[in-house]
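# Summary of the model geometry
As a plain string of letters, each chain reads:
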Amino acid sequence: MASTVTLLLPRVDRVTIRNSEWGYAILQMIFEPPYTDSSLSHPDILTWRTALSTALKQYLGLFGSAMHIDILHLHDDEATIRFPRTELTKFSAAVSGFMGAVDGKAFGFKTVAMGEFLMGLLGRREEVDLWAE
Amino acid sequence: MQPSKCLITLCTDPSKDPSTKSILSHHFNHQLHVLLPTGLYHLISQSLHSSPALATLPAFQRLQMPLGAILESDFWNTYIKKGNVLLVSKGQLDADNIFTLNDGILRMSLDNEAYERAGLQGRQAKFANQPGLMKRRRFLVELNLRSPNYMTGSKQFLKLQHACSTVFPTPQTFLFADLDPKPQDSLQTPVEVLSQVPSRGATPQVSILDNVRVPSFISPHDAVPQGGGNSEEANYHREVWRDWAMEVYEYMALLLMPEGKPADRVRAADEIDPYLSTYVVGDQEDEEAGVGSVTRISFSGLLGKEWVLMLWKEVRKRIAELEDEETRKRAWVSMTVHGLENVPVGWKEVERGGLGRSGDGYTIVDLPQQGGQLLYELVGGQEDYS
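Predicted model only: the values in this text are computed from it and were never measured.

Parameters and conventions
Residue indices begin from 1 for each chain and proceed along its sequence in written order. Note on labels: chains are lettered from A, ligands numbered from 1, in written order. Two thresholds apply to this predicted model, a pLDDT of at least 70 for residue-level local features and 80 or more for giving and counting side-chain atom pairs, whereas whole-chain, interface and lining totals are computed over all residues. Side-chain numbers here rest on the full set of heavy atoms in the structure, without hydrogens or water. We count a stretch as a helix when DSSP gives it H or I for four or more residues in a row; a strand needs E for two or more, and each element gets its number in order from the N terminus. Just to be clear, the radius of gyration here is over C-alpha atoms, and the globule rule we use is 2.2 Å times residues to the power 0.38. A 1.4 Å probe rolled over the protein chains alone gives each residue an accessible area, and that area as a share of the maximum for its type sets the label: buried under 20%, exposed over 50%, partly exposed in between. Two residues form a contact once any of their heavy atoms are found within 4.5 Å. Surface exposure here means Shrake-Rupley accessible area, sampled with a 1.4 Å probe, where a residue is shielded only by the protein chains that are shown. We score Asp and Glu as negative and Lys and Arg as positive, and we do not count His or the chain ends. A single reference atom marks each charge: NZ on Lys, CZ on Arg, CG on Asp, CD on Glu. Among the buried residues, those of types Ala, Val, Leu, Ile, Met, Phe, Trp, Tyr and Cys that are joined through side-chain atoms within 4.5 Å form a nonpolar core. To obtain an axis, a line is fitted to C-alpha atoms, over the contacting stretch when the element is a helix, and the angle between two such axes runs from 0 to 180 degrees between their N-to-C directions. Each angle receives one of four descriptions, namely roughly parallel if under 35 degrees, roughly antiparallel if over 145, roughly perpendicular if within 65 to 115, and oblique otherwise. Handedness of each helix crossing follows the sense of rotation of the near helix against the far helix: counterclockwise by less than a right angle gives left-handed, clockwise gives right-handed. Only Phe, Tyr and Trp rings take part, Trp by its six-membered ring, and two of them pair if their centres are within 6.5 Å. Stacked means planes under 30 degrees apart, edge-to-face means over 60, and tilted covers everything else.

### Regarding the overall build of chain A
- When its secondary structure is counted, chain A shows four helices and six strands.
- Helices (α) and strands (β) of chain A occur, in sequence order from the N terminus, as α-β-β-α-β-β-α-β-β-α.
- The C-alpha radius of gyration of chain A comes to 19 Å, more than 25% above the 14 Å expected for a compact globule of 133 residues.
- The 133 residues of chain A split such that 50% are buried.
- Contacts in chain A between residues at least 24 apart in sequence constitute 69% of all its contacts with a sequence separation of at least 6.
- Carbon and sulfur atoms make up 58% of the accessible area of chain A, which amounts to about 6,600 Å² in all.
- If you average the places of the 12 positive and of the 16 negative side-chain charges in chain A, the two averages end up 11 Å apart.

Structure (structure tokens):
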């Protein structure tokens with residue numbers, strides 16, 4: 001009964017989140033030489049999934065290809081990705097060192113922002129526009 | 001190194017308002033987003049758009065100037081001694097030399113060489129120096145330019161002027177915002193560096209996000225942020241609350257994707273294979289969740305804390321003034337503010353380092369059904385704030 005009473009009392013509670021469940025990344029897919037037709041340089045979600053699987057497998061072997069990934073959003077040549085926070089370092093290493101080939105072009109990932117809180121990454125992404133000419 | 005963290009505050013006491021304190025201790029903001037149900041937006045939009053916060057939109061300018069330009073008499077007297085301005089230079093914290101100015105306090109985050117050549121009184125940077133190494137890499141100089149020691153021509157002033165002309169003579173990119181703008185004609189001579197570049201206003205961008213999934217914003221039954229003792233059950237309830245709070249935070253971010261769009265995964269029509277994403281809006285047990293329309297009002301620029309507070313109070317006031325009690329009860333509204341990451345001081349102007357950050361800023365959510373107010377504050381790994 002006592003706990004019900006405390007719930008009803010108006011109060012201020014504070015909690016610190018250090019070990020969040022997820023990590024997030026905003027990645028850009030870069031082709032070299034670049035596509036001249038911009039519609040081709042905006043990969044679809046299956047292309048993203050396959051490319052990420054390849055990158056993870058190449059760097060981490062079977063464990064990498066089994067890593068849980070959620071593709072939350074696609075915007076032009078960018079993808080917003082969610083994965084377990086505990087894999088953040090591995091994920092970061094795997095995508096930054098990756099170089100693949102498709103269509104006679106080399107491709108890789110550019111990290112726009114990566115970290116524990118998606119909201120923070122969005123701010124970092126927008127800040128670039130503020131300083132741009 | 002510590003990882004970055006997120007502080008969550010739940011306030012169910014209407015007489016207290018922890019968000020005001022947070023808004024006022026966060027100085028350099030560059031993005032502001034308000035999210036609310038579209039139905040609610042239509043009810044308050046007319047009075048909101050004629051409110052003082054939206055009548056005086058903050059403006060900012062991007063300047064190319066050497067640091068010494070702030071010591072020119074026009075700039076110095078108008079903006080430093082009398083007015084109140086925000087000024088921040090481009091660069092990365094703990095990698096470049098960064099200059100910021102707020103409330104008359106000039107801060108310089110400098111590398112060893114620049115610090116020694118400048119000859120200004122400062123202190124070792126708290127985070128950028130490796131412990132155990134005798135040689136210090138970085139220093140922080142804090143000068144209160146409004147103090148009487150900085151009269152034009154005084155010893156301190158000349159020292160700063162000398163440092164500017166010998167160590168920092170090259171023009172660099174600054175963002176500048178006048179937080180206390182005077183009507184144009186009261187300034188007899190416009191300050192030269194400012195008259196050369198156009199001023200950019202933070203015009204609001206309103207986007208309507210139709211057909212998105214919306215959670216109920218009601219925490220799961222029995223879930224509590226704190227208290228309940230050490231039993232396994234109590235631990236479970238706290239865990240459930242944390243997960244719920246982080247889901248709300250994640251959902252807010254998913255409504256703030258680039259170009260005023262919601263994320264693909266929150267669209268009502270989205271059917272995605274679990275191989276590509278397992279994300280779902282809200283808990284399965286969240287019966288009140290549904291499909292709706294959310295309005296997003298976004299501002300970008302260099303936004304002063306006073307204006308941010310004014311806007312937030314206006315929005316909340318408009319909702320509190322609604323006549324229909326049922327509408328008021330079901331209303332939810334949130335505000336997200338993103339801060340500049342290169343500023344050497346963070347929350348409450350406490351020094352911070354450049355590494356281990358996952359963004360900068362805060363989000364406030366007014367929950368429906370008297371659920372109280374949720375506040376999320378992002379704190380970097382190299383930042384002492386709790």
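### Structural notes on unusual backbone geometry
- A cis amide bond links E32(A) to the next residue, P33(A), at an omega of -5°.
- Within the secondary structure layout, P33(A) lies in the loop between β2 (22-32) and α2 (45-65).
- At F217(B), a position not held by glycine, the phi torsion is positive, near 65°.
- Assignment of secondary structure puts F217(B) in the loop between β11 (205-214) and α8 (232-254).
- Take F217(B): its relative accessible area is 2%, and that puts it in the buried class.

### Let's talk about the nonpolar core
- With 45 residues, the main nonpolar core has I8(B), W241(B), Y251(B), L374(B) and Y376(B) as its most contacted residues.
- Those elements giving two or more residues to this core turn out to be β1 (12-17), β2 and α4 (118-131) of chain A together with β1 (5-11), β11, α8 and β15 (373-379) of chain B.
- For this core, the element with the highest residue contribution is α8(B), accounting for ten residues.
- Setting aside chain neighbours within four positions, we find I8(B) in contact with D13(A), R14(A), V15(A), I17(A), W241(B), A245(B), M246(B), L374(B), L375(B) and Y376(B).

### As for α4(A)
- Counting buried residues along α4(A), eleven of its 14 residues qualify, which places the element largely inside the surrounding structure.
- Listed in full, the buried residues belonging to α4(A) are L118(A), M119(A), G120(A), L121(A), L122(A), G123(A), R125(A), E126(A), E127(A), L130(A) and W131(A).

### What to know about the packing of helix α2 (residues 38-49) of chain B against helix α9 (residues 305-320) of chain B
Residues and elements named next belong to chain B.
- At their nearest, the axes of α2 and α9 sit 10 Å apart, and the two run at 120° to each other. As summarised for this structure, α2 and α9 are arranged oblique, according to the angle between their axes. Crossing handedness for the pair α2 and α9: right-handed. Each of L40, I44, S47 and L48 in α2 lies in contact with α9, whose residues at this interface are E314, V315, R318 and I319.

### Points about the packing of aromatic side chains
All names here are of chain A.
- Throughout the structure, instances matching the rule amount to 20 aromatic pairs over all chains.
- With a centroid separation of 5.8 Å and 25° between ring planes, the pair formed by W48 and F109 is classed as stacked. Taken together, the positions of W48 in helix α2 and F109 in strand β6 (residues 105-115) put the pair 61 residues apart, joining distant regions of the chain.
- Taken together, a centroid distance of 4.1 Å and an interplanar angle of 15° make the contact between F83 and F91 stacked.

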